[in-house]
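Observations on the model geometry
This is what each chain is made of:
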Amino acid sequence: MEHIIFYTQPNCNLCDDAKFQISFAKEDIDIKVTEVNIQQDDKLNELYCLSVPVLIDKDTGATIQEGNVDFVTIIDYFQSKYK
């Protein structure tokens, strides 16, 4: 099972769109998603306030996507991870 850290914040339309894109990707790949509100952590807020939503591969720490998230990129990322 893959594991994504999903950095988000309240009142974020791109974050809402990203949730839909993640759900589409989950139809093809077994993904666990841990959603983190960056506004509850000053360091995370400083790092990601202009970038949310941000998807991080928990296993590698690699950024999968930020800003506009699409399910094709998520799927491609995990498929290429094992090639």
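Residues numbered from 1 in each chain as written. Predicted model: local features only at pLDDT ≥ 70, side-chain atom pairs only at ≥ 80, totals over all residues. Heavy atoms only, no water.

This structure, assessed with the given rule, holds one disulfide. Between Cys-12 and Cys-15 runs a disulfide, and the two sulfur atoms are separated by 2.3 Å. Torsion about the S-S bond of the Cys-12 and Cys-15 cystine: about 75°, corresponding to right-handed handedness. Residue classification places Cys-15 among the buried positions, given a relative accessible area of 1%. (Disulfide = S-S within 2.5 Å. Buried < 20%, exposed > 50% of the residue type's maximum accessible area, 1.4 Å probe, protein only.)

For the rest of this paragraph, the subject is the pairing of strand 1 (residues 2-8). Most of strand 1 is tucked away: seven of the seven residues are buried. Direction of pairing for strand 1 relative to strand 2 (residues 31-37): parallel, over a ladder of seven bridges. Bridging from a neighbouring strand, Phe-6 pairs with Glu-35 of strand 2. As a crossover connection, the stretch from strand 1 through helix 1 (residues 13-25) into strand 2 is right-handed. Taken together, the four bridges between strand 1 and strand 3 (residues 54-57) define a ladder with antiparallel strand orientation. Counted as the bridge partner of Phe-6 is Leu-55 from strand 3. (Helix = DSSP H or I, 4+ residues; strand = E, 2+ residues; numbered from the N terminus. Pairing = 2+ DSSP bridges. Right-handed = clockwise from strand over helix to strand, strands pointing away.)

Scope: geometric values only; no functional claims are made or implied.
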